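A look at the structure
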Amino acid sequence: MPDPSPSSPLPPSTPNSPPPTPALRRGLKVLGTLLITLSAISPASSVFIIAPGVVAQAGSGAFWSFVIAAVVGVFMAFVYAELASAYPLSGGEYAIVARTLGRLPGFVTLGLLLVTQLLIIAVIALGVGTYLEVLIPGLPDPVVAAVTTAGATVLAVFDIKLNAWITGVFLAIEMVALVVVSALGLFDPARPLGELISAPVAAVDGVVGPAAAGLVTAAAAVAIFSYNGYGSAVYFGEETTNAHRGIAKAILWALGITVVAELVPVTAVLLGAPSLPELFAADNMMSYFVTAKAGSTVNTVISLAIALAILNAVLAIILITARMVFSTGRDAAWPGTISRGLAAIHPKAGTPWIATLATGAFATALCFADKDFLLVVTATSIVAVYAALCLAVINGRRTGATAHAAYRMPWFPVAPVVALAALAYVIWQNALDPVIGRPSLAITVGIGVAAALYYALVLHRRGRWELRGPEEAETTAG
């Protein structure tokens, strides 16, 4: 299917014709889309912020936790690639689900994503101050996070090609930091790889012993989210040339690069740590490892690189979320004036500037919310979105809604079925956790119900919810 050209002039409207569809400027190549997507995943942030939580739970069994998560990631990448190949739209997951499962499931998905994406920006930004403390101790995390988010919002208004270049440079610095961490462990190991594979150990109540299989698989649920973000390439589908093929490539490449960029340094830390008990007990595992292997100066440099990686991730996620918010305005999800404003495109930059500023304003305000609350709200929503996509790809094959996709996953329906089983296990693990899991499940259900009520009482009453895009097809679900 040839790509339309959103940069071409829109045809004049007549009194009886619908208003022209706002269209983004198609100026990205696949490489640019890949760079922004990898920046949103931020492998260095995952290694330094998420991986220690996996190690604390599974010990050296975290190696297997990340391997299991990578297998699940491959299956979800297949799902994302096929769906994004059929519908490379700036609305991302909600636009896809609405076109394959129906408008109500699509709007519920939108509700979950809208809340989650805004909160995730704040959660990530709150990590900047932690790593800047190596230079300026005592920095107030909320203020640093708010300044970071506001600055990233200003950058996000500019041309998407400029932002792809900026994120690419920051990403290169991030990858260098991961190479250094990997080299510290792999070139000077304290234990053999065979011990890591066949005899993993973990700390339970402060006592180090064999890592139970249950601990390893439970920690895999967290490791899955450290890889999350490869599907974000779809949000740039309307700005990427040859998007029907290019977005699928970007998704698969993003997952592959992310797995290598996270699994290798995590393995290196587990192999090279001078003492596993000390590693498990450290308040900051990565700082302990880098300082023990290379000294405080190298730790300071690496910490600054991680702070930069977090800033890069904030910028990339604002770019992504702004395009989803833009899409909601174009689809007339809100009252008329609000929708028209969010769908506005900057005449020179060609970006959704009002949607970007609105995204940044909300995310900046959320930087002052309690971090534990933010984590509870975001913990489970992505699981529901993943499950919706698995059902969407199955139904899309069944109804023919995705028959025009340029990419078709291998071994269908193995990928969505196995991914659904893994997600069901994650939900079960969350249900057993009274601290974060159960409240998060309850909040996710609450957001879904609120979104469904808005759809029924507002959108459905006024008629059909508009689903508009530069390549809107006749096969949209009713």
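This write-up is about the structure you can find in this document. (Residues numbered from 1 in each chain as written. Predicted model: local features only at pLDDT ≥ 70, side-chain atom pairs only at ≥ 80, totals over all residues. Heavy atoms only, no water.)

Brief notes about the packing of aromatic side chains
Aromatic ring pairs are described here by two measures, namely the spacing of the ring centres and the angle between the planes. Put simply, the rule reads: Two rings from Phe, Tyr or Trp (for Trp, the six-membered ring) form a pair when their centres sit within 6.5 Å of each other. Planes less than 30 degrees apart are called stacked, planes more than 60 degrees apart edge-to-face, and all others tilted. In this description a helix means any DSSP run of H or I spanning at least four residues, a strand means any run of E spanning at least two, and both kinds are numbered starting from the N terminus. Buried, partly exposed and exposed residues are distinguished by accessible area as a fraction of the type maximum, computed with a 1.4 Å probe on protein chains only: under 20%, between the cut-offs, and over 50%, respectively. Lysine NZ or arginine CZ positioned within 6 Å of the ring centre and within 35 degrees of the ring normal marks a charge as sitting over the ring.
Counted by the stated rule, this structure contains 14 aromatic pairs. Between Phe-48 and Tyr-131 the ring centres are 6.2 Å apart and the planes differ by 80°, which places this aromatic pair in the edge-to-face class. Remark: Tyr-131 occurs in helix H6 (residues 128–132) and Phe-48 occurs in helix H2 (residues 43–58); sequence separation between them is 83 residues. By relative accessible area, which is 6% here, Tyr-131 ends up buried. Ring-pair connections join several aromatic residues into one group, and the members of that group are Tyr-94, Phe-107, Trp-334, Tyr-454, Tyr-455 and Trp-465. One cation-aromatic arrangement involves Arg-397 over Phe-412; the distance from NZ or CZ to the ring centre is 4.1 Å.

Things to note about the pairing of strand S1 (residues 201–204)
This is how the line gets drawn: When DSSP locates at least two bridges between a pair of strands, those strands are taken to pair.
One ladder, built from four bridges, connects S1 with strand S2 (residues 207–210); its direction is antiparallel. Paired with Ala-203 across the strands is Val-208, a residue of S2. The hairpin formed by S1 and S2 contains two residues between the paired strands, and Asp-205 there has a positive phi angle of roughly 55°.

Topic: the nonpolar core
As a reminder of what qualifies: The criterion is simple. A nonpolar core is a set of buried Ala, Val, Leu, Ile, Met, Phe, Trp, Tyr and Cys residues joined through side-chain atoms within 4.5 Å. Every residue pair with non-hydrogen atoms within 4.5 Å of one another is taken to be in contact.
If you look at the biggest cluster of nonpolar residues, it comprises 153 residues, and the most contacted ones within it are Phe-107, Tyr-230, Leu-279 and Trp-465. No other element matches the 17 residues that helix H14 (residues 296–330) contributes to this core. For Trp-465, the residues in contact, after removing those within four places along its chain, are Tyr-94, Ala-98, Arg-103, Gly-106, Phe-107, Leu-110, Asp-331, Ala-332, Ala-333, Tyr-455 and Leu-459.

Side note on the environment of Gly-59
Along the chain, Gly-59 turns up in the loop between H2 and helix H3 (62–86). Spatially, the C-alpha atom of Gly-59 lies 5.6 Å from that of Val-201, the residues being 142 residues apart in sequence. When near neighbours in sequence (up to four residues on either side) are disregarded, Gly-59 contacts Val-54, Val-201, Ala-202, Leu-270 and Phe-280.

Quick look at helix H4 (residues 93–100)
With respect to burial, H4 is a largely interior element, eight of its eight residues being buried. Buried within H4 are the following residues: Glu-93, Tyr-94, Ala-95, Ile-96, Val-97, Ala-98, Arg-99 and Thr-100. Tucked into the core, H4 has its buried residues touching H3, helix H5 (103–125), H14 and helix H18 (381–399). Two residues or fewer past H4, Gly-102 is found with a positive phi of approximately 125°.

Brief notes about the packing of H2 against H3
Applied cut-off: Axes here refer to lines fitted to C-alpha atoms; in helices the fit is confined to the stretch in contact. Angles between the N-to-C directions go from 0 to 180 degrees. Here the angle decides the label: under 35 degrees means roughly parallel, over 145 means roughly antiparallel, 65 to 115 means roughly perpendicular, and every other value means oblique. In this classification, the charged set is Asp, Glu, Lys and Arg, the nonpolar set is Ala, Val, Leu, Ile, Met, Phe, Trp, Tyr, Cys and Pro, and all remaining amino acids, among them Gly, are polar.
Running from amino to carboxyl end, H2 crosses H3 at an angle of 120°, the nearest separation of the two axes being 8 Å. By the angle between their axes, H2 is oblique relative to H3. Only Ala-62, Ser-65 and Phe-66 of H3 make contact with H2, whose side of the interface consists of Ala-51, Val-54, Val-55 and Ala-58. Partitioned by chemical class, the residues of the contact of H2 with H3 number six nonpolar, one polar and no charged.

Section: a nonpolar patch on the surface
Convention followed: Patch building starts from residues that exceed 30% relative accessible area and form no salt bridge, then joins like charges within 9 Å and nonpolar side chains (Val, Leu, Ile, Met, Phe, Trp, Tyr) within 5 Å. Accessible surface is estimated by sampling points in the Shrake-Rupley manner with a 1.4 Å probe; for residues, cover comes only from the protein chains shown. Should a side-chain nitrogen of Lys or Arg be within 4 Å of a carboxyl oxygen of Asp or Glu, the pair is scored as a salt bridge.
A contiguous nonpolar surface patch, about 630 Å² in accessible area, is contributed by Val-154, Leu-155, Phe-158, Leu-162, Trp-165, Val-169 and Ile-173. Those elements that place two or more of their residues in the nonpolar patch are helix H7 (141–157) and helix H8 (160–186). At four residues, H8 tops the list of elements feeding residues into the nonpolar patch. Its location among the elements puts Trp-165 in helix H8.

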